[in-house]
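# Structure assessment
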Number of protein chains: 4
Amino acid sequence: MRNGLKISFHNQRADQLPVEIVERKGKGHPDVICDRAAEELSIALCKYYLQRYGRIYHHNVDKCILVGGQSNPRFGGGEIVEPIYILLAGRAIGKVKDDVVPLKKIAIDCTWKWMRKEFRYLDPLTDVEIDCKVRPGSTGLVETVEEEIPISNDTSVGVSYAPMSELEKVVYGIEDKLNSRDVKRKFPAIGEDIKVMGVRRNGRIYITIACAMISSEVGDEKEYAEMKDAVRQISAEVASEICDRKVIVRVNTADNPRKKIYYLTVTGTSAEHGDDGEAGRGNRVNGLITPYRPMTMEAAAGKNPISHVGKLYSVAARRIAEELVEMGLEEVYCYMVSQIGKPITEPQVVNISAYTKKSEKEVEEMSRTVVRDVLEEIPDMWKSFLQRKFVIF
Amino acid sequence: MRNGLKISFHNQRADQLPVEIVERKGKGHPDVICDRAAEELSIALCKYYLQRYGRIYHHNVDKCILVGGQSNPRFGGGEIVEPIYILLAGRAIGKVKDDVVPLKKIAIDCTWKWMRKEFRYLDPLTDVEIDCKVRPGSTGLVETVEEEIPISNDTSVGVSYAPMSELEKVVYGIEDKLNSRDVKRKFPAIGEDIKVMGVRRNGRIYITIACAMISSEVGDEKEYAEMKDAVRQISAEVASEICDRKVIVRVNTADNPRKKIYYLTVTGTSAEHGDDGEAGRGNRVNGLITPYRPMTMEAAAGKNPISHVGKLYSVAARRIAEELVEMGLEEVYCYMVSQIGKPITEPQVVNISAYTKKSEKEVEEMSRTVVRDVLEEIPDMWKSFLQRKFVIF
Amino acid sequence: MRNGLKISFHNQRADQLPVEIVERKGKGHPDVICDRAAEELSIALCKYYLQRYGRIYHHNVDKCILVGGQSNPRFGGGEIVEPIYILLAGRAIGKVKDDVVPLKKIAIDCTWKWMRKEFRYLDPLTDVEIDCKVRPGSTGLVETVEEEIPISNDTSVGVSYAPMSELEKVVYGIEDKLNSRDVKRKFPAIGEDIKVMGVRRNGRIYITIACAMISSEVGDEKEYAEMKDAVRQISAEVASEICDRKVIVRVNTADNPRKKIYYLTVTGTSAEHGDDGEAGRGNRVNGLITPYRPMTMEAAAGKNPISHVGKLYSVAARRIAEELVEMGLEEVYCYMVSQIGKPITEPQVVNISAYTKKSEKEVEEMSRTVVRDVLEEIPDMWKSFLQRKFVIF
Amino acid sequence: MRNGLKISFHNQRADQLPVEIVERKGKGHPDVICDRAAEELSIALCKYYLQRYGRIYHHNVDKCILVGGQSNPRFGGGEIVEPIYILLAGRAIGKVKDDVVPLKKIAIDCTWKWMRKEFRYLDPLTDVEIDCKVRPGSTGLVETVEEEIPISNDTSVGVSYAPMSELEKVVYGIEDKLNSRDVKRKFPAIGEDIKVMGVRRNGRIYITIACAMISSEVGDEKEYAEMKDAVRQISAEVASEICDRKVIVRVNTADNPRKKIYYLTVTGTSAEHGDDGEAGRGNRVNGLITPYRPMTMEAAAGKNPISHVGKLYSVAARRIAEELVEMGLEEVYCYMVSQIGKPITEPQVVNISAYTKKSEKEVEEMSRTVVRDVLEEIPDMWKSFLQRKFVIF
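The following refers to the structure shown. Computed from a prediction, not measured in an experiment: that's the story for all the values here. (Residues numbered from 1 in each chain as written. Chains lettered and ligands numbered in written order. Predicted model: local features only at pLDDT ≥ 70, side-chain atom pairs only at ≥ 80, totals over all residues. Heavy atoms only, no water.)

Quick look at the relation of the copies chain A and chain C now. Each copy of the chain is related to the other by a rotation around an axis and a translation along that axis. With an RMSD of 0.0 Å, the fit of chain A onto chain C corresponds to turning through 180° and sliding 0.1 Å along the axis. On the angle and the small slide along the axis, the relation comes out as a two-fold axis. Among all residues of chain A, the one whose C-alpha sits closest to the rotation axis is L125 of chain A, at a distance of 4.0 Å. Taken together, the interface assignments show that 100% of the residues at the interface of chain A recur at the interface of chain C, consistent with an identical surface on both copies. (Least-squares fit on C-alpha atoms with pLDDT ≥ 70 in both. Contact = heavy atoms within 4.5 Å.)

This is the structure we're talking about:
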């Protein structure tokens, strides 16, 4: 078989382990801002290339750093005194024949636009300094994009799994809810920078939430305490809808009223005051950090969706795992390795590790079909990336 | 028990899995350069604080980005035409009473110094532009450093395991050897940027090496081919000393002599021409990327070695695992979670997952002792960090 | 006399010289953009300080550099492919008690605002990258601002003269007209970057105009030629209203239709494609560069209007000269030197050089009154600077 | 006559005026550092182009800004806590066929080298951050360099005069002496940043010197006072060798011992603590700022010495004036204007204004010869620029 399928088995589902640790950084976290910035730039480049040249050119803009600003939050108000600095880096085709691609302009423009949409209390025009050092890549890499079925430009690994464990669903669900339109409408004080850490010890789940509050929406200590209560309550509700385990929620545990230390921000993100971030340092491709699960260091955000196997295989592995679970396997890990120089539809290895009562033969047959189907979809996946259909951080 | 010990078991050693994937980025890889830059800056800050104020102040300089330069390598020569750009970020105490700490100066100075030592063909003074945006952190964080036993400043996770699998030893060993003084003396053409990807399928190991060659030390295509042979041979020898499996080594597979594409560099790192990097995106704290093993997203490099649990627990988890293996367990995974606001010697959870024939009781007793001993050492670990005793990337 | 008055005489009016050379850089010229940026920042700082603290604090933001961008103008269209870079520098009080002044934010905000107003075809949000390295000044300098009558912080020189010669009026008038609302409405193709060089040889005036055309408003070579004709004709009319001399006007003399070289820009300023600028390198304080007239190197733009004698004396010298001319002297040069450490109303020297038939005694008497009156006004001049009442570049 | 010669006369020599004002900024002044940086970069580019391509390519790197650092000078010691920032800008040919010119590398390298040579207490490697935004210029400008006799690329003005007045000689001589090797050996405490302002009122000369002292070389207030005495004495001696006028010298008049304000620096330049600079804002092309003399705004430093008339005519005008004075005219002003598109040897106007008893005919004849000779030398002047033979700031 051309796709190097390998079947194996593991003997414990995540939910059965005595301990689990899961983390999710919310959309206002400095690392996630960087992931988002990288991915939005990739999308903007794709669209520019498509519109002007009728095809997507090579790019890899998966590097981004955020240097925290300086702010003076206080109950009822506050201001940004030193803007946040964001540097976008990577490479992209910068010249098509004699036509220069305005890389820097595209980068700055698209960053402003998405930031304005995603943050309610951060004005990117005055609170953020956006810089761009995206450079033209080398020609060797460029050409691989021109083949019919793109060629793997690297030996990269994609890893994912299904289904999510209860703890994972709880952690993901809490951030999702707290950053939902609904909650924001009701509790505008709840900022976008929400970090959820979940630890399960046997049947008990401990959730630690760090949630930036918007200083202008919180009048005093009392209102702040109420807001923490609200976060706690919303989170407990989310958890109770997902599982029956006992869930303990703690919010902003570093607060120290005696020293007047609260998690107050002017803009809703800790990036405003000293917290830095980098692309690829936050959530993995399913939106979570899961030390008890297979993970790679590949950052999907910012990579080109045409030929970068690090991006494509991450999503593909997740789809394979999910479809196999739908077909009856209880839990599936999927590992994929590309082989440089071969079409992206021909991985070196696809390893399916299943937790199931089914026989190896059964698993192999199911896998063969699913893997083949997903591999065939890969050359068209870029369209879904452009529509932001996949969670990738 | 105050350290939340939890014992569990897993049923397969890495060596027994049908597939394994392991990667190591060598010391000249752009991501590793960033990790190194972050860690060296932390060490330089520690030394400055110690010497001038008698104690180490808070800092967290674990963010670093590298934007690739531009070069014109050619057989027998070549030059850098656009320097590499490195931006160091994070925060550090910048003022002690009225005394200003020259953060930028310390950063630039230490970066030059280590780069000059580590690279033979890269002159940081002209080939690298070093920038520094390290800012003073917030006061709340600062004070935690002043307690007797430092307080966890975050809910962080440390994860590690022992022993290395054969494949892991092979991958680690190959990079180590190729970047050894011995090999450099004999084959000066072998650059510092060496990426080793290992895939094991049952008994067979496939090693893919991307090794930057130094253009001035390679006269022509023929010499280049010889150099690739040398890399292959050295790697095969390393592997054969570690294991008896069949090992296939491939070097610079993206080469395309017909299109005159070779992996030639002026300086020995792909950072010279368009390849970018970030701290925390490369090897995990044991020097490897291991999707089949527990990993965290924590970057140890650049974090302060006094109180940052993300750094301390990563190293501690490795030590615990290693000592338990020495005491007779076959394979150990160790997961640790800090609890914010508690002393760093009191984690929320320490989970030991063992592969062993020993009983839970035996494992628990061994673990209790080992964990206690290692936790007690944590407050003194900073000394070893300052002496660069731990591999952390 | 406390103001060190000295009277002297010169024997030729500018209009009588056999040769005169006069230059004016228009408001879209890179150097003038820098002057404007510096001055607008000073005004924005003054307003911020006034509003928040009730008084103006020390600042000196008279340094600014512009690095030209890259563009692709073509008849009927074109785009900016690399933004213009503007760096504002200098120093300003950055902390009042514990309140941090958001210097960078003020700088970026005010620059965008004025640029948006002054340019019709330049969108500063996407076409300009604004950077700010304004740092807090030293304390010694700071305190001088707190005295009742400010103290000279430097030994600076202010120089000016009156009246303008005919050539000067023509050069000034042409730029003024071409950048007027009237002309822009009728001929939107005429850009903001207009440089006028005037040379008079005896009775004949040669005007050389470099006028950036807006590419999207010029359909082809023919329309371009028509636009040049329009510029020529408008300029000739301006000149004929001012003087009776023969005036020869040349427009965009570097054009070379054979090589398809035209002075086309997307935005109306040459800054979009490689032309750089600096504050203080363009017009002197009366809006002209006049090698046949007394000039200083003092840049008024960006200096604080409370105590910076380089700014205040430049304007004061012009007012003294103008009033003396109104009182009957034919031509007056005025030179003023401050003395460091003394109130700004007590210059070291005020030298009046007159071209007149009046006696030294008469001139001295007139001067004494005028100088005294203008010196008395100096402590209130800052109000007029805030209202942009003076031409200063 | 092709060079547009025009003769005129003026009726007063500078020495006869009742007042004169003259300033010189010494080699360590922030503005002069920028001029020097620009010119050294031009020389480095010329040498690179010559060596690699056998000819000098177009460049115009006459823009440079310096942002002051931060320092902690104290008697007997002190340190730099924030480096000085220097940004070099302009444009230069960056690609010759397919060969990329390492502009940034050349810029950074040459800046370090000259700074290391010129400053005794400033280590550019750690105390200065050098940045470079030199961009490739437009093609139209490029080609003018390729003609046999270069073509004027702009309508530029060159202005100069001879001889220096006594005051001018004194001001120039004092800085020259204080920055001489002799004085530095004897008085290492005297820094490089020396600003000399001279005012003459009739027979009396007032010299105000701002002289940065090196903090590590001055033990206490007493030694500082001695050093000021030394500066005063050396300056008085220089003056007395040049003229018989009464000379009053004041040194560091902003000092305020009561408030412990002294002009102390770690490195010898005020750039280390907040003082900013720009190229072209300091001394004119004869090393002086002279409001009573003809001046232009042209900055010679950094312009290419092949075709940039702003640079070439400035030096040419000085040579013409000096030779005419040697031939017997008492004082000469020389003004030159280029005409764009014509060979640089064919100015639009050369105006000689003489103070002399000779007849117009005599002056015209002398001038014709001198002007012709100097114009003929212009195409070879670049060699002298490369050897740093001319004072140009």
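Right, let's talk about the pairing of strand β9 (residues 128–135) of chain B for a bit. Residues and elements named next belong to chain B. Summarising burial for β9: seven of the eight residues are buried, a large majority. Of the pairings in the sheet, the one linking strand β6 (residues 84–92) to β9 comprises eight bridges and is parallel in character. Bridge pairing in β9 links G90 to V134. (Buried < 20%, exposed > 50% of the residue type's maximum accessible area, 1.4 Å probe, protein only. Helix = DSSP H or I, 4+ residues; strand = E, 2+ residues; numbered from the N terminus. Pairing = 2+ DSSP bridges.)

Okay, the interface of chain A and chain C next. Taken together, the contact pairs 23 residues of chain A with 23 residues of chain C. Carbon and sulfur atoms make up 52% of the area that chain A and chain C hide from each other, which totals about 1,900 Å². At the surface where chain A touches chain C, the tally comes to six salt bridges. A salt bridge links K104 of chain A to E129 of chain C; its shortest N-O distance comes to 2.7 Å. Elements with a minimum of two residues in the side of chain A that touches chain C: β4 (70–74), β5 (77–82), β8 (99–100), α2 (103–118), α3 (124–127) and β9 (128–135) of chain A. The element contributing the most residues to the side of chain A that touches chain C is α2 of chain A, with six residues. Split into classes, the residues belonging to the side of chain A that touches chain C amount to 10 nonpolar, three polar and 10 charged. (Buried area = accessible area lost by both parts, 1.4 Å probe. Salt bridge = Lys/Arg side-chain N within 4 Å of Asp/Glu carboxyl O. Nonpolar A, V, L, I, M, F, W, Y, C, P; charged D, E, K, R; others polar.)

Residue and element names in this part refer to chain C. Considering only enclosed or pocket space, the second largest pocket measures out at about 730 Å³ in volume. Forming the walls of the second largest pocket are 28 residues, and the residues nearest its centre are R24, K27, R36, E118 and F393. For the lining of the second largest pocket, the elements supplying multiple residues, two or more each, are β2 (19–25), α1 (30–53), α2 (103–118), α5 (166–178) and α6 (181–186). No other element matches the five residues that α1 contributes to the lining of the second largest pocket. Its residues assigned to classes, the lining of the second largest pocket shows nine nonpolar, three polar and 16 charged. (1 Å grid on protein atoms, 1.4 Å probe; cavity = no way out; pocket = protein on both sides within 12 Å on 5 of 7 lines; lining within 4 Å. Points joined across faces, edges and corners; volume = space filled by probe spheres on them.)

Note on the identical chains: chain C maps onto chain D by a rotation of 180° and an axial translation of 0.0 Å, with an RMSD of 0.0 Å. A shared binding surface is used by both copies, with 99% of the interface residues of chain C retained as interface residues in chain D.

Residues and elements named next belong to chain D. Ordered by their spatial adjacency, four strands build an open sheet running β1-β17-β16-β10, and the pairing between neighbours is mixed. Strands with a single pairing partner mark the edges of an open sheet, and in this sheet they are β1 (5–9) and β10 (157–162). On average, adjacent strands in this sheet sit at an angle of 15° to one another, irrespective of strand direction. Relative to β1, helix α9 (residues 360–377) is tilted by about 135°, and along the sheet it contacts β1, β16 (331–337) and β17 (349–355). (Axes fitted to C-alpha atoms, helices over the stretch in contact; angles between N-to-C directions.)

With that settled, consider α2 of chain A. Three or four residues apart is the spacing at which side chains of an α-helix point the same way, because the helix has 3.6 residues per turn. All names here are of chain A. For α2, spanning 16 residues, the distance from its first C-alpha to its last is 23 Å, which sits close to the expected 22 Å at 1.5 Å a residue. The buried count for α2 comes to 12 of 16 residues, which makes it a mostly enclosed element. Turning to α2, its buried residues are L103, K104, K105, I106, A107, I108, C110, T111, W112, W114, M115 and E118. (Expected span 1.5 Å × (residues − 1).)

Turning our eyes to something else, we now look at the arrangement of the chains. Separated in space, chain B and chain C share no contact, their closest pair of C-alpha atoms being 13 Å apart. One finds no contact between chain A and chain D; the C-alpha atoms of the two approach each other to within 13 Å at their closest.

Moving on, we get to helix α8 (residues 309–326) of chain D. Taking 1.5 Å of rise per residue, 18 residues should cover 26 Å, and α8 of chain D covers 25 Å from first to last C-alpha, within 8% of that figure. Across the 18 residues that make up α8 of chain D, a large majority, 13, are buried.

What follows deals with the environment of R232 of chain D. Residues and elements named next belong to chain D. Within the fold, R232 resides in helix α7 (residues 221–242). Owing to a relative accessible area of 27%, R232 belongs among the partly exposed residues under this scheme. Distance in space between the C-alpha atoms of R232 and I174 is 9.8 Å, their sequence separation being 58 residues. Here R232 is in contact with V249 and V251, once residues within four sequence places are set aside.

All names here are of chain A. Taken together, the four strands give an open sheet; going across it, the order is β9-β6-β3-β15, and neighbouring strands pair in mixed fashion. Unpaired on one side and paired on the other, β9 and β15 (277–278) mark the two borders of the sheet. Bridge count for strand β3 (residues 59–67) against β15 is two bridges, and the pairing is antiparallel. Pairing of I65 across the sheet is with E278, part of β15. Where α2 meets the sheet, its contacts fall on β6 (84–92) and β9, and the angle it forms with β9 comes to roughly 140°.

In this structure the tally under the stated criterion is 39 aromatic pairs over all chains. Ring centres 3.5 Å apart and planes at 5° place the aromatic pair Y292 of chain A and Y335 of chain B in the stacked group. Of this pair, Y292 of chain A sits in the loop between β15 and α8 (309–326) while Y335 of chain B sits in strand β16 (residues 331–337), which puts the two residues in different chains. Each member of the pair, Y292 of chain A as well as Y335 of chain B, carries the same accessibility label: buried. Measuring from centroid to centroid gives 6.3 Å for Y161 of chain C and Y333 of chain C, while their planes differ by 80°, and the two rings are edge-to-face. (Phe/Tyr/Trp six-rings, centres within 6.5 Å; stacked < 30°, edge-to-face > 60°.)

Our next topic: unusual backbone geometry. The amide bond that connects A162 of chain C to the next residue, P163 of chain C, takes the cis arrangement and shows omega of -10°. Here P163 of chain C is to be found in the loop between β10 (157–162) and α5. The residue K260 of chain B is not glycine, and still its phi comes out positive at about 60°. With respect to the element layout, K260 of chain B can be found in the loop between β13 (246–251) and β14 (264–265). Look at K260 of chain B and you get exposed, because its relative accessible area is 61%. Phi is positive for K97 of chain D, which is not a glycine, with a value near 50°. Within the secondary structure, K97 of chain D sits in the loop between β7 (95–96) and β8 (99–100). Owing to a relative accessible area of 80%, K97 of chain D belongs among the exposed residues under this scheme.

Our next topic: the interface of chain C and chain D. Contacts between chain C and chain D engage 75 residues on the former and 74 residues on the latter. Taking both partners together, chain C and chain D bury about 5,900 Å²; carbon and sulfur atoms supply 57% of that area. The largest share of the area that chain C buries against chain D comes from R135, R281 and M297 of chain C, three residues that together contribute 13% of it. The tally of links between chain C and chain D comes to six salt bridges. Measuring nitrogen to oxygen at the nearest pair gives 2.9 Å for the salt bridge that ties D62 of chain C to R281 of chain D. Inspection of the chain C/chain D interface yields 19 residue pairs in polar contact (both at pLDDT 80 or more). Residue composition of the side of chain C that touches chain D, grouped by class: 31 nonpolar, 24 polar and 20 charged. (Polar contact = N/O pair within 3.5 Å; in protein donor to acceptor, adjacent residues only side chain to side chain.)

The values reported here are purely geometric and, on their own, carry no functional implication.
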